Every structure is written in C-alpha cells, then in structure tokens.
Amino acid sequence: MSAVSQVGTFTFRPLDPLRDAELLHRWVTHPKAAFWMMQDARLEDVERAYMEIAADEHQQALLGLQDGVPVFLMEYYDPRYRELVGLYEPLPGDVGMHFLTPATEAPVHGFTRAVITSVMARLFEDPAVARVVVEPDVSNTAVHALNEAVGFVPEREIQKPEKKALLSFCTREQFLTATAAAAVTA
C-alpha cells in the first residue's frame, strides 16, 4: 500500500523485529526521539519490544518507506486492549496510533506532516476504522500541532503509567476536511 505526499510516495511494510532492530535502535535512542521513551534501550531491548508487538494480535508496527528505504515508523493498536485500557471508553472503529520520524542530517520541509498524513490515510484505508486516537505527552507541542493539522481534536489530559498524555481523536471526516483544507492552501 502506498500514499502520495508532497515529498514523494510512501509505502509500508511490516516491521521485522530482528532484521530492523539496528535501524530502530538508532532511531529510538536518538535525543530527538525522547518522547518515544527508549533513550537508554539496548539493541536487545528494542528487539524484544518489537518482537512482543509482532506477536500481539492487538497491535502492529510498520516501516514507512520512501523509494524502498525505511524513513519512519508507524505503530497502531486496538485501544480496547492496549495503551488506553481503562483511560477512556473506546467506540467501535477506534484505532490507536504512534509514529516516529527519525533524526536526520538533512531535514526536508513538510516531511513530518507528509508522514502523519500518510499514516492517517493508511489507517483510514481500512473501512472498519472510524476514528484514530492518540495519546502524546502533554509537553510534546510539536506533535500536537501536527495532530491538529490532520484533524485531531484534543479531548482531555490523562495520566498513563509512563506519562501525562493529551488524549485526542480524529474521525475520518475530520481527517478528510483537514487534508482538503491543507491542499487548498498548498
């Protein structure tokens, strides 16, 4: 599956926890990835964490590729069973999402926005998905702005075991409206 963005076309493939561990380790331990909360992870920790995701029927990790090269990480999960259990009342069609764009020596303007737009488009390719839920750290203002740009609406702060998070939602309609508005202003 692919999604076209202003910075090119992204495709997705399932993450291979062993084959991709070194790449992921570089990404998640970089200071830019502080909100990923794996700064001190060893290679084995990364392998183990992603092997657990791969074995879990309620979550999945994908790599986003550009010209066949991994350029971002996408995770999605069923909030009835992972991440948000007991913190809000999931609706049918809810899916949780995380994404990570790694640090780069040569940033491309609009890249991260193109990534989140492609991630959302990928999720909404599934007709069963009605709404995407995210729970970024309350202090991650950069991702709050990106979330808003693709249609997310914050609901409230919640306390997760590892962080205080901003629970936000985006319906298919909100996403389509936000991306249509962005296309008009582009």
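Everything here concerns the structure above.
Nothing here was measured: the structure is a model prediction, and the numbers come from that model.

Draft legend 1. Representation of the overall build of the chain. Of the regular secondary structure elements, the chain holds five helices and eight strands. In the chain, the order of α-helices and β-strands from amino to carboxyl end is β-β-α-α-β-β-β-α-β-α-β-β-α. Whereas a compact globule of 186 residues would reach a radius of gyration of roughly 16 Å, the chain reaches 16 Å, a difference of no more than 12%. Seen through its C-alpha atoms, the chain measures out along the principal axes to roughly 40 × 40 × 30 Å. Relative to its full complement of 186 residues, the chain shows a buried share of 47%. Intrachain contacts of the chain at a sequence separation of at least 6 include 60% that bridge at least 24 residues. Of the side chains in the chain, 16 bear a positive and 26 a negative charge, and the two mean positions are spaced by 1 Å.

Draft legend 2. Molecular detail of unusual backbone geometry. The phi torsion at Asp-67 lies on the positive side, around 55 degrees, for a residue other than glycine. Among the structural elements, Asp-67 can be located in the loop between β3 (59-66) and β4 (69-77). Judged by its relative accessible area of 76%, Asp-67 falls in the exposed class. Its identity as a non-glycine residue notwithstanding, Glu-83 has a phi of 65 degrees, on the positive side. Considering the arrangement of structural elements, one finds Glu-83 in the loop between β4 and β5 (94-100).

Draft legend 3. Geometry of helix α2 (residues 43-55). With 13 residues, α2 should reach 18 Å at 1.5 Å per residue; the first-to-last C-alpha distance of 18 Å fits that figure. When α2 is considered as a whole, its buried residues turn out to be Asp-45, Val-46, Tyr-50 and Ile-53. Mapping the buried residues of α2 onto a view down its axis gives an arc of 120 degrees, with all of them on the same face. What points out from α2, more than 90 degrees from its buried face, is the exposed set Glu-52, Ala-54 and Ala-55.

Draft legend 4. Layout of the pairing of strand β8 (residues 164-171). Counting buried positions over the eight residues of β8 gives six, a clear majority of the element. Of the pairings in the sheet, the one linking strand β6 (residues 131-134) to β8 comprises four bridges and is antiparallel in character. Bridge pairing in β8 places Val-134 opposite Ser-168. In terms of strand pairing, strand β7 (residues 153-159) meets β8 through six bridges, oriented antiparallel. Paired with Arg-156 across the two strands is Leu-167, which belongs to β8. Counting the residues in the hairpin turn of β7 and β8 gives four residues.

Quick notes on the rules
- Each chain carries its own residue numbering, running from 1 in the direction its sequence is written.
- Residue-level local features of this predicted model are given only where pLDDT is at least 70; pairs of side-chain atoms are given and counted only at 80 or more, and the full residue set underlies all totals for whole chains, interfaces and linings.
- Hydrogens and water molecules were not included; the side-chain quantities draw on all heavy atoms of the structure.
- A run of H or I in DSSP becomes a helix once it reaches four residues, and a run of E becomes a strand once it reaches two; helices and strands are each numbered from the N terminus.
- Throughout, radius of gyration means the C-alpha value; the globule benchmark is 2.2 Å times the number of residues raised to the power 0.38.
- Classification of residues uses two cut-offs on accessible area relative to the type maximum, computed with a 1.4 Å probe and protein chains only: under 20% is buried, over 50% is exposed, and between them is partly exposed.
- Contact between two residues is taken to exist if any of their heavy atoms lie within 4.5 Å; hydrogens are not considered.
- Working convention for charge: Lys and Arg count positive, Asp and Glu count negative, and His plus the chain ends are omitted.
- By convention, the charge on Lys lies at NZ, on Arg at CZ, on Asp at CG and on Glu at CD.
- Here a helix's expected span is defined as the number of its residues, less one, multiplied by 1.5 Å.
- It is the directions from the helix axis to the C-beta atoms whose arc is reported.
- When DSSP finds two or more bridges between two strands, those strands count as paired.

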